[in-house]
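A closer look at the structure
These are the residues of each chain, in order.
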Amino acid sequence: MLLEIRDLHVSYGKIKALNGLSLDVEKGKIVSIIGANGAGKSTLLDAISGRVKKNRGEILFEGNTLPKDVHKVVHTGITQVPEGRKIFAGLTVEENLIMGGITKPKASTKGTEEEMYKLFPVLLERKHQQAGTLSGGEQQMLALARGLMSQPKLLLLDEPSLGLAPIIINQMFDFIRAIRDMGYTILLVEQNATKALSLCDYAYVIENGQVRMQGTAEELMSRSDIVSAYLGEK
Ligand code: ATP
């Protein structure tokens, strides 16, 4: 198992965001976290990447406890692609990619940069353009590509479809599938549960900071309570 989380508790003051959550992520898979607003999805990613502190519980990565410091977590091979496409708006596309690979030796990231232009040809066309002038979909592609520049062992994706037009959302999910097929492991947080299930190898439904259900997409879609609560959208 690449990532093992056991009995994780995280609070913001009196608010319990995660309340005894446990899950596993297997190498080479896409694992989705599905849940309503406020269920604790972003907190889970932030706890893994070290952005928020846990109260108790265990997060094991390749069998080892993760460091507490967010910068040290990056060096273990975990990269979080944040919600809202927080790219460096004032830098060019190429400069953003270079920043994404900053933790790696330069020689090793040149090849990754070329790989990213192959995967996202629109980024090659816009290589010297300021990132802030890209469309929403292009900015999300850049955020993904920037995250991949560090060749992470685990990619944490927070709501990659947020705010995008339906056609662009489909494209984004195709890219995520392609990234998994390149060998990457992905933990995906998504409100668009139908899309997330269409793509993932395994999913966890979380409610009030706990796992309510888990299974393959097929298993979850055979549950009428899950379908009516989470899969109403088209
Ligand atoms: P969404 O899909 O709306 O982003 P989520 O499932 O990602 O929701 P979280 O953002 O993890 O949920 O929030 C879990 C709970 O913790 C919510 O009740 C939220 O209001 C609370 N919370 C999140 N961040 C903070 C914070 N910085 N300070 C106080 N409470 C917070």
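All figures in this text were calculated on a predicted structure; none of them were measured in a lab.

**Considering the layout of surface pockets**
In this structure, the largest pocket occupies an estimated 540 Å³ of space. Elements that contribute at least two residues to the lining of the largest pocket include exactly helix H2 (70-76), strand E6 (78-81), helix H3 (93-100) and helix H6 (136-148). Looking at the lining of the largest pocket, the element that brings in the most residues is H2, giving five residues. In this structure, the second largest pocket spans a volume of roughly 300 Å³. Partitioning the lining of the second largest pocket into residue classes produces seven nonpolar, two polar and five charged.

**Concerning the sheet that holds strand E5 (residues 64-65)**
Within the open sheet, the four strands sit side by side as E2-E1-E4-E5. Their pairing is antiparallel. In this open sheet, the two strands that pair with only one neighbour each are strand E2 (15-25) and E5. Relative to E5, strand E4 (residues 56-61) runs antiparallel, the two being bridged by two bridges. Each residue of the ladder has a partner; that of Leu60, found in E5, is Thr65. The sheet contacts of helix H1 (residues 41-49) involve strand E1 (3-12), E2 and E4, and relative to E1 the element is tilted by about 110 degrees.

**A closer look at the environment of Pro105**
Within the element layout of this structure, Pro105 appears in the loop between H3 and helix H4 (106-119). Sequence separation between Pro105 and Gln171 is 66 residues, and the spatial gap between their C-alpha atoms is 31 Å.

**Structural notes on the pairing of strand E8 (residues 186-190)**
Most of E8 is tucked away: five of the five residues are buried. By the alternation rule, side chains of E8 split into Ile186, Leu188 and Glu190 and Leu187 and Val189, which are all buried. The pairing of strand E3 (residues 30-34) with E8 spans five bridges and is parallel. In the sheet register, Ile34 faces E8, and the bridge partner there is Glu190. As a crossover connection, the stretch from strand E7 (residues 154-158) through helix H7 (residues 166-181) into E8 is right-handed.

Analysis parameters
- Residues numbered from 1 in each chain as written.
- Predicted model: local features only at pLDDT ≥ 70, side-chain atom pairs only at ≥ 80, totals over all residues.
- Heavy atoms only, no water.
- 1 Å grid on protein atoms, 1.4 Å probe; cavity = no way out; pocket = protein on both sides within 12 Å on 5 of 7 lines; lining within 4 Å.
- Points joined across faces, edges and corners; volume = space filled by probe spheres on them.
- Helix = DSSP H or I, 4+ residues; strand = E, 2+ residues; numbered from the N terminus.
- Nonpolar A, V, L, I, M, F, W, Y, C, P; charged D, E, K, R; others polar.
- Pairing = 2+ DSSP bridges.
- Contact = heavy atoms within 4.5 Å.
- Axes fitted to C-alpha atoms, helices over the stretch in contact; angles between N-to-C directions.
- Buried < 20%, exposed > 50% of the residue type's maximum accessible area, 1.4 Å probe, protein only.
- Right-handed = clockwise from strand over helix to strand, strands pointing away.

The values are spatial; any link to function lies outside them.
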